[in-house]
Amino acid sequence: MSEAIPCKSCGNAVSGLYCSACGEKVLTPDDHTLKHYLGALLNAFTFADSKFWNTLKAVVLRPGELSAAYMDGRRVKYMRPVAFFFLANFIYFAVPLFETFNTTLNSQLHNQQYSGWAQRKVEAHLAESGRTLEEFKVLYEPASANNAKLLLVTMVFLLLQPMSVLYIRKRRFVSAYITASFELMGFYLWVATLALGAISFILLSAQQAMGAAVSDRSVDELLAIPLVILHFWFTIGIGRRFFVCTWLGATWRAAAMLFGLQFALSAYRLLLFQATMWSINA
Ligand SMILES: [Zn+2]
């Protein structure tokens, strides 16, 4: 019934609803109705889009499925892993409540492997600028909170290192490891931020209600347990579904990825400290 018409985007002869060369949709009179227009407008905000919910559901309930679908060429049902990560990054950016990946000056100066070095850097800065530690802190904290969000994408490439070492030869293409790293970081952002944010909020409120003093450190330590459980859930899933490991292979790699995560977080914090020192000195 439908005759071939030239595609509006590439000129290829189209005989169905979509161009077989570039994927452009052929507009029908329906596409110009107000109802359709408003629907498209809503979809632009992604949340009304079933793709978003399919993706979030897959990432939470069946980790590894998103990357597997993408690499196997099943790309219609889900968002691209990169887009999923950047959407999570955007929301993390927009909601000032989420500070999971930020690191306080106090923690930088006392809880990290490189804290001795960081202390010397800060002391040198104080001597040069004539600021007190308190004055410096007032500059440091908001700059760090901002940089923590800007630098989030570097976590993807820091996680890529242990990921490609542990699952070496499980997938043929480098792009597969990058895809899995985007899914992994997307998972951490969505699930870990929301879940851990809720848990730490409850813990802080409970401790405040009981009148106990709360330090960054004690919350960090309490959060370590749910973080480890979430980590195992996700990395075993990615090992099983994406890298097609056995249960044993997926489990020991998930355990080893804990060190990979530790490595990535330390490198990220170091980078964050360095970037924040630069932005204050600039
Ligand atoms: Zn076309």
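Just so you know, the residues in each chain are numbered from 1, in the order the chain's sequence is written. In keeping with the predicted nature of the model, local features appear solely for residues at pLDDT of at least 70, side-chain atom pairs appear and are counted solely at 80 or more, and the whole-chain, interface and lining totals rest on all residues.

A.B. asks: How do you make sense of the domain arrangement of the protein when you look at a structure like this?
C.D. replies: When the parts of a complex come together, some accessible area is lost, and that lost area is often used as the size of the interface. By domain assignment, the protein separates into domain 1 (5-43) and domain 2 (51-281). Using C-alpha coordinates to define each centre, domain 1 is positioned 40 Å away from domain 2. In this document the domain limits rely on a domain assignment from an automatic tool or a database.

A.B. asks: Please clarify how the packing of helix H7 (residues 133-150) against helix H11 (residues 247-281) should be interpreted in this entry.
C.D. replies: If you want to describe how two helices pack, look at the angle between their axes and the distance between the axes. Angles here are taken between N-to-C directions and fall from 0 to 180 degrees, while the axes themselves are lines fitted to C-alpha atoms, restricted in helices to the stretch in contact. Segments assigned H or I by DSSP are reported as helices when at least four residues long, segments assigned E as strands when at least two residues long, and all are numbered from the N terminus. Close contact between H7 and H11 brings their axes to 9 Å; oriented N to C, the two are set at 125 degrees. With respect to each other, H7 and H11 are oriented oblique. Judged by the twist between their axes, the crossing of H7 over H11 is right-handed. Residues Leu139, Tyr140, Ala143, Ser144, Asn147 and Ala148 of H7 lie in contact with H11, whose contacting residues are Leu272, Ala275, Thr276, Ser279 and Ile280. Each residue receives one of three labels: charged for Asp, Glu, Lys and Arg, nonpolar for Ala, Val, Leu, Ile, Met, Phe, Trp, Tyr, Cys and Pro, and polar for the others, Gly being one of them. By residue class, the composition of the contact of H7 with H11 is seven nonpolar, four polar and no charged. The cut-offs work like this: below 35 degrees is roughly parallel, past 145 is roughly antiparallel, 65 to 115 is roughly perpendicular, and the gaps in between are oblique. A clockwise turn of the near helix away from the far one marks a right-handed crossing, whereas an anticlockwise turn of less than a right angle marks a left-handed crossing. Throughout, a pair of residues is in contact if the C-beta atoms placed from their backbones lie within 7 Å.

A.B. asks: In this structure, what is going on with H7? I would like to understand it.
C.D. replies: One full turn of an α-helix is made of 3.6 residues, so residues set three or four places apart face in the same direction. Take the number of residues in a helix, subtract one, and multiply by 1.5 Å to get its expected span. The end-to-end C-alpha distance of H7 is 25 Å, a good match for the 26 Å that 18 residues give at a rise of 1.5 Å each. For H7, the complete set of buried residues consists of Tyr140, Ser144 and Ala148. Buried residues in H7 make contact with helix H5 (105-110) and H11. For every residue, the other C-beta atoms within 10 Å of its own C-beta are counted; 20 or more classify it as buried, 12 or fewer as exposed, and values in between as partly exposed. C-beta atoms are placed from the backbone.

A.B. asks: Which parts of the structure should I look at to understand the environment of Ile280?
C.D. replies: As for its placement among the helices and strands, Ile280 is situated in helix H11. Those residues in contact with Ile280 that lie beyond four places of it in its chain are Leu139, Tyr140 and Ala143.

A.B. asks: Honestly, helix H4 (residues 81-94) in this entry has me stumped. Any pointers?
C.D. replies: Spanning 14 residues, H4 covers 20 Å between terminal C-alpha atoms, matching the ideal 20 Å at 1.5 Å per step. Residues Pro81, Phe84, Phe85, Ala88 and Tyr92 constitute the buried set of H4. Taken down its axis, H4 places every buried residue within 100 degrees of arc, on the same side. Along the arc lie the directions from the helix axis toward the C-beta atoms.

A.B. asks: Explain the nonpolar core to me, please; I cannot follow it from the model alone.
C.D. replies: The nonpolar side chains of a soluble globular protein tend to be buried, and buried together. Here a nonpolar core is just a set of buried residues of the types Ala, Val, Leu, Ile, Met, Phe, Trp, Tyr and Cys, joined wherever their C-beta atoms sit within 7 Å. Leu159, Leu184 and Met185 are the most contacted members of the largest nonpolar core, which has 49 residues in total. Secondary-structure elements contributing two or more residues to this core are helix H2 (50-61), helix H3 (65-72), H4, helix H6 (115-129), helix H8 (152-166), helix H9 (174-209), helix H10 (216-242) and H11. The element best represented in this core is H9, accounting for 10 residues. Sequence-distant contacts of Met185, defined by excluding residues within four places in its chain, comprise Phe85, Met155, Val156 and Leu159.

A.B. asks: What exactly am I supposed to notice about unusual backbone geometry here?
C.D. replies: Glycine aside, negative phi is the norm for most residues, and most peptide bonds take the trans geometry. One non-glycine residue, Arg169, lies in the positive phi region at around 70 degrees. By the secondary structure assignment, Arg169 is in the loop between H8 and H9. A positive phi is found at Val244, a non-glycine position, where the angle reads about 50 degrees.

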